[in-house]
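Each chain, written out:
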Amino acid sequence: MTAGLIHTQRPSARQRAVSARARGRLARRRAVNAIMLAVLATAAVVTVLPLLFILVHLVAKGASSLNPAFFTHMPEPVGEAGGGMANAIAGTLIVIGLALACGLPVGVGAGLYLAEHRGMWLANGVRFLSDVLNGLPSIVMGIFAWQFLVRPVGHFSALSGGVALGAMMIPMIARTTEEMVRTVPPSLREAALALGYAHWRTGVTIILRTASAGIVTGVLVALARVAGETAPLLFTAFGNQFWSTSVTQPIAALPLQIFNYAISPYDDWHRLAWAGALVLIALILVISLIARVATRARFDTGSGD
Amino acid sequence: MSAAPMSPAVLMAEGPGTVVRIHGRHVGDRVYRGTITFFAVCVPLLVALVGWEIAVAGWPTFRHFGLSFLTSSDWDPVKGRFGAAPAIYGTLVSSAIALVIATPLAVGVSVFLSELAPRWMRQPVGFLVDLLAAIPSVVYGLWGIFVLLPLLRDPVMPFLRDTLGLGKTPFFSGPAYGPSMLAAGLILAIMVLPYIASVSREVLLAVPRAQREAALALGATRWETIWRAVVPYARSGIIGGIILGLGRALGETMAVTMLIGNRQQISASLLAPGYTMASLIANEFSEASSDAHLSALMAVGFTLLVITIIVNAVARCLVWRVGGGAASKPL
């Protein structure tokens with residue numbers, strides 16, 4: 001009743017002033033809204049454009065310097081045109097293979113443990129420390145591997161580089177394994193145990209296999225991340241001008257070679273560095289792409305069941 | 001077929017404990033448990049081993065120089081004098097520059113992607129940002145040497161110093177060679193941006209719809225919804241992402257080594273070359289001839305290790321808090 005009365009009355013001077021102020025405030029809020037949304041969009045453009053520019057530049061520079069000899073030839077001495085990085089490509093594959101051999105069993109085992117012992121103090125401690133390990137700078141891993149594996153032996157080796165990179169992979173693999181094992185429905189485990197499977201057979205043949213696609217993805221992502229690492233290899237794998245596949249000897253690696261060529265004063269070497277960068281990124285992308293395909297395969301089997 | 005419905009009953013009757021004991025007696029189970037426990041224990045052992053090896057190697061330096069190792073800027077391997085202050089200063093300043101530049105952009109991009117961008121734009125832009133996180137440090141360094149440094153040397157640094165008149169302040173004075181604290185900070189900004197953006201985006205996507213709908217229903221504009229309802233809810237997660245980015249920036253080695261100019265000095269000017277802890281190790285480690293020099297570099301490594309562990313622990317705590325704590329936080 002009162003409300004109706006107010007509406008029929010003419011607004012007082014004070015009411016008119018209040019509503020004018022409200023309109024003014026609304027206009028200001030709308031203006032702020034428009035400005036800030038524009039600022040956000042600008043931030044997106046300002047960020048994305050340089051990123052795009054970097055990518056295009058890398059691809060263009062690398063592609064123009066790349067030729068078949070890059071993959072088949074050895075590095076040439078200064079002043080000689082041409083040459084390739086055959087030894088560095090082989091070396092990188094060997095070093096990340098060694099890293100995989102070190103990191104995979106420990107990472108998957110620790111991940112399984114974390115998933116099966118949730119809430120226990122040891123599991124919590126392991127989870128926290130694997131995060132600590134994940135955050136350690138790669139250069140620190142490098143000097144650790146040097147102190148632990150190079151200094152006592154007396155010379156650089158591919159193996160010490162592989163161990164440094166493998167140690168970096170462990171926390172990444174452990175955490176993805178844990179996540180993936182947790183997505184396995186408990187009913188699967190219960191069904192296996194109910195059929196009389198032992199715990200270990202359930203773990204290996206049911207849980208690990210169900211989670212395997214996800215774990216493979218995680219392992220590949222970790223591999224892609226360490227494949228481009230340079231700092232841990234500076235004092236471990238060290239680099240090698242010659243063809244070497246021995247794990248106890250210094251070995252060449254693409255990131256090391258790119259670094260050495262980039263800081264050199266020779267144009268020929270700069271060109272090789274660009275080509276090497278493109279090959280390294282391509283290698284990382286291929287690994288990541290396989291990881292994506294593996295994830296998709298997992299979802300396909302999941303929806304098919 | 002009759003066995004399957006029966007087993008839960010058996011489990012109930014005898015209790016789960018009995019089943020576990022039966023399986024516990026199995027040799028395979030003991031081996032399985034032992035193996036995964038061993039691998040799990042490897043992680044703490046590895047962390048302890050890394051800390052121990054580096055601490056032992058750096059101990060002679062800490063004992064000999066004490067606190068002055070961290071505060072002195074006299075680094076002379078020939079005379080056996082080691083002070084890591086310029087490297088510590090350079091690490092902190094270059095990371096600070098990186099965060100100052102990268103944080104607003106990264107948060108802006110992730111808010112834009114999660115709140116404003118049309119659906120077709122989210123995937124490709126998100127993919128691009130992820131792609132940049134995958135590019136190795138040494139490749140950023142290569143790009144920095146041949147693209148960023150010439151750009152800085154010619155138009156950017158003289159523009160900042162002379163045209164904008166910033167050269168009158170101590171922060172932009174001196175000659176512009178290219179390799180500098182500013183270059184290192186810029187490349188670090190480009191490198192940590194994808195990390196901050198991807199953590200922020202995930203946290204923002206985890207904000208419940210009701211939070212936005214309630215704000216909009218109260219008559220808030222889009223911006224007010226974002227700034228007063230969505231961002232505060234995700235705040236501690238975003239801060240965690242920023243600190244994770246800081247952890248990356250502090251330990252980043254290759255790109256910084258290639259761009260910072262590697263000179264042992266503390267200069268207020270961002271146009272002057274400097275050093276970081278990581279680049280100091282990368283540069284001098286393989287040339288270190290004396291045990292004292294090696295030990296000093298190990299001590300630098302240990303300092304870096306301690307700083308990054310603290311930074312990462314803070315970040316993890318903040319990111320974890322988002323899960324439970326944020327919901328009760330007042331707007």
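Just so you know, these numbers come straight off a predicted model, no measurement behind them.

**Here's the deal with the overall build of chain B**
Secondary structure summary: chain B contains twelve helices and zero strands in total. Shown N-terminal to C-terminal, the secondary structure of chain B runs as helices and strands in the order α-α-α-α-α-α-α-α-α-α-α-α. Here chain B holds 331 residues, and the buried ones make up 48% of them. In chain B, the proportion of contacts linking residues at least 24 apart, taken out of those at least 6 apart, comes to 76%.

**Here we look at the overall build of chain A**
For chain A, the helix and strand inventory stands at eleven helices and zero strands. Over its C-alpha atoms chain A spans a radius of gyration of 29 Å, topping by over 25% the 19 Å that the globule rule assigns to 305 residues. In terms of its C-alpha atoms, chain A occupies a principal-axis envelope of roughly 95 × 70 × 40 Å. Looking at the 305 residues of chain A, the share that counts as buried comes to 46%.

**What about the domain arrangement of chain B?**
All names here are of chain B. Taken domain by domain, chain B consists of domain 1 (15–64) and domain 2 (66–328). Distance between the C-alpha centres of domain 1 and domain 2: 34 Å. Taken residue by residue, the interface counts eight residues in domain 1 and nine residues in domain 2. In terms of residue class, the side of domain 1 that touches domain 2 is made up of five nonpolar, three polar and no charged.

**Here we look at the interface of chain A and chain B**
Every contact between the two is made by 69 residues of chain A and, on the other side, 67 residues of chain B. For the side of chain A that touches chain B, the secondary-structure elements that each account for two or more residues are α2 (13–65), α4 (86–116), α5 (121–135), α6 (138–150), α7 (158–182), α9 (199–227), α10 (254–262) and α11 (267–304) of chain A.

**A short note on α7(A)**
All names here are of chain A. Here α7 is 25 residues long and its end C-alpha atoms lie 36 Å apart, about the 36 Å a rise of 1.5 Å per residue gives. Of all bends in α7, the biggest is about 30°, found at Met-169, and the proline Pro-171 comes one to four residues later. By the criterion of burial, α7 is predominantly enclosed, with 23 of the 25 residues buried.

**Digging into the packing of α4(A) against α5(A)**
Any two packed helices are characterised by the angle at which their axes cross and by the distance between the axes. Residues and elements named next belong to chain A. Closest axis-to-axis distance for the α4/α5 pair is 9 Å, and the angle between their directions is 135°. Comparing the axis directions of α4 and α5 gives the class oblique. As for how α4 packs across α5, the hand of that crossing is left-handed. In contact with Ala-110, Tyr-113 and Leu-114 of α4, α5 contributes Ala-123, Val-126, Arg-127 and Ser-130.

**Focus: the packing of α9(A) against helix α2 (residues 27–65) of chain B**
With their axes 7 Å apart at the nearest point, α9(A) and α2(B) run at an angle of 60° to one another. Considering their axes alone, α9(A) and α2(B) lie oblique with respect to each other. Across the interface between the two elements, His199(A), Trp200(A), Arg201(A) and Gly203(A) of α9(A) pack against Gly28(B), Asp29(B), Val31(B) and Tyr32(B) of α2(B). Of the residues in the contact of α9(A) with α2(B), the class split is three nonpolar, three polar and two charged.

Rules of the game
In this convention, every chain numbers its residues from 1, walking through the sequence in written order. Lettering for chains starts from A, numbering for ligands starts from 1, and both go in the order in which the items are written. It should be noted that, the model being predicted, local features are given only for residues of pLDDT at least 70 and side-chain atom pairs only at 80 or more, the latter also being counted only at that level, while totals for whole chains, interfaces and linings use all residues. The helix count covers DSSP runs of H or I at least four residues long, the strand count covers runs of E at least two residues long, and both are numbered beginning at the N terminus. Field definition: a residue is buried when 20 or more other C-beta atoms are found within 10 Å of its C-beta, exposed when 12 or fewer are, and partly exposed for counts in between, with C-beta atoms placed from the backbone. Contact between two residues is assigned when their C-beta atoms, built from the backbone, lie within 7 Å. In this description the radius of gyration comes from C-alpha coordinates, and the expected globular size is given by 2.2 Å times residues to the power 0.38. Annotation comment: domain bounds sourced from an automatic or database domain assignment. When residues are grouped by polarity, Ala, Val, Leu, Ile, Met, Phe, Trp, Tyr, Cys and Pro land in nonpolar, Asp, Glu, Lys and Arg in charged, and all others, Gly among them, in polar. Expected span of a helix, by definition, is 1.5 Å for each gap between consecutive residues, and there is one gap fewer than residues. Given a residue, its bend is the angle between the two axes fitted to the seven residues that end at it and to the seven that start from it. The axes are straight lines fitted to the C-alpha atoms, using for helices just the contacting stretch, and the angles between their N-to-C directions are given from 0 to 180°. When an angle is under 35 degrees it counts as roughly parallel; over 145 it counts as roughly antiparallel; between 65 and 115 it counts as roughly perpendicular; any other value is oblique. Crossing handedness follows the turn of the near helix against the far one: under a right angle anticlockwise gives a left-handed crossing, and clockwise gives a right-handed one.

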